[in-house]
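Summary of the model geometry
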Amino acid sequence: MSGSETFERVAIIGIGLIGSSIARAIRAAGLAGHVACHDADSEIRARAVALDIVDSMHNTLAGAVEDADLIVVATPVGACGAVAQAMRDHLRPGAIVTDVGSVKGSVLKAMGPHTPEGVHLIPGHPVAGTEHSGPEAGFGELFQDRFAILTPPPGADEAAVARLSSLWRGMGSDVEIMDAEHHDRVLAITSHLPHLIAYTIVATAADLETELEAQPRDDDVVTTREVIKYSAGGFRDFTRIAASDPVMWRDVFLLNKDAVLEMLGRFSEDLTALQRAIRWDDGDALFELFTRTREIRRGVIEAGQAGRFQYTENGDSEDEA
Ligand code: NAP
């Protein structure tokens, strides 16, 4: 155990990509005396035990959270409320409860009413991830040089926020504090909308294939093989993003509905303007836009957020370097 230990017992609920990455990162940096875990799925519990990434695996939620001074809920966002309700009577006074969900306003609404007096609820979101799921997909370096956003509710205990911040820093992240609504608007444009676009474009390409295959013409057949074959273009990155977990993303869109619809409205307007520029051969408009976006990409690289990895949910995927 290193001298940087900040928690006695951390309970991780949901040992998928994010939960297992946290377990590995905590262990690698010696940030907790004991890492307990519960996952609703018995097969996933067994797989996590085989990976030897936690100190104790529990068949029940109560068993995992008992005596924990930090509980990290790493389930899909839609399950957070039910988890909070089920564990409320088993939490130790003074414990910190956090989560890693990609949407924050709804988490606060779902978990807040089930958080007992004397327990500190501080929702969080590591802006790091991949399109893969499950305990095997996690890795301890996932949060390195990434942002962890904490969205403490008004009046949250400052010492608890500081403790949780120090855990994320110990896992290699830069910590940002903001309110939940602001988080949801920012992530709607930087993460949620790009996923929506990826899901759409991949589905559109699949529909096109089906349509063309149904009415084959010798001179104009786009087969599945062709789409895969030529996917080294921009399409390849869309297919990777569109492979992201369907449960997680269903929850994100349903639970960040207002912000996503607002950003989608703005995006549609801009897309229409681009459509018009193409139709009217307005090369200057296209050139100006593409120059501006290239500058934005430079800014991302300069901010150290391009990474060695390929971007997916809010962060990285397989190292393509
Ligand atoms: P994941 O790999 O699918 O892991 C989630 C795990 O939670 C699964 O093993 C799931 O079991 C389990 N689970 C579901 N309901 C549960 C419950 N009621 N009690 C206990 N365990 C339960 O998903 P993930 O990618 O780690 O995502 C987890 C959270 O992190 C989500 O809220 C997501 O928004 C957030 N996040 C994800 C990323 C990313 O890139 N993936 C990045 C940042 C944040 P079953 O599969 O059997 O349901």
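Just so it is clear, the structure is predicted and the values come from calculations on it, not from any experiment. (Residues numbered from 1 in each chain as written. Predicted model: local features only at pLDDT ≥ 70, side-chain atom pairs only at ≥ 80, totals over all residues. Heavy atoms only, no water.)

A few points about the packing of aromatic side chains
On inspection of all chains with the given rule, the structure shows 2 aromatic pairs. Centre to centre, the rings of Phe143 and Trp168 are 5.1 Å apart; their planes meet at 85°, and the pair counts as edge-to-face. Taken together, the residues span a long stretch of sequence, with Phe143 in the loop between β7 (124-126) and β8 (147-150) and Trp168 in helix α6 (residues 158-170) at a distance of 25 residues. Here the two residues Phe143 and Trp168 agree in accessibility, since each one is buried. A cation over an aromatic ring shows up here: Arg163 above the ring of Phe7, its NZ or CZ 4.2 Å from the ring centre. (Phe/Tyr/Trp six-rings, centres within 6.5 Å; stacked < 30°, edge-to-face > 60°. Helix = DSSP H or I, 4+ residues; strand = E, 2+ residues; numbered from the N terminus. Buried < 20%, exposed > 50% of the residue type's maximum accessible area, 1.4 Å probe, protein only. Lys NZ or Arg CZ within 6 Å of the ring centre and 35° of its normal.)

Some points on unusual backbone geometry
Backbone geometry follows two general trends: most residues other than glycine have a negative phi, and most peptide bonds adopt the trans configuration. For Asp67, which is not a glycine, the phi torsion comes out positive at approximately 70°. Despite not being glycine, Asp145 shows a phi value in the positive range, around 60°. Along the chain, the position of Asp145 falls in the loop between β7 and β8.

Thoughts on a negative patch on the surface
Together, Asp281, Asp282, Asp284 and Glu288 give the surface a local cluster of negative charge. Within the fold, Asp281 resides in the loop between α11 (257-279) and α12 (283-302). The exposure class assigned to Asp281 is exposed, which follows from its relative accessible area of 69%. (Patch = residues over 30% accessible without salt bridge, like charges linked within 9 Å, V, L, I, M, F, W, Y side chains within 5 Å. Areas by Shrake-Rupley, 256 points an atom, 1.4 Å probe, with all protein chains shown as cover. Salt bridge = Lys/Arg side-chain N within 4 Å of Asp/Glu carboxyl O. Lys, Arg positive; Asp, Glu negative; His and termini not counted. Charge placed at Lys NZ, Arg CZ, Asp CG, Glu CD.)

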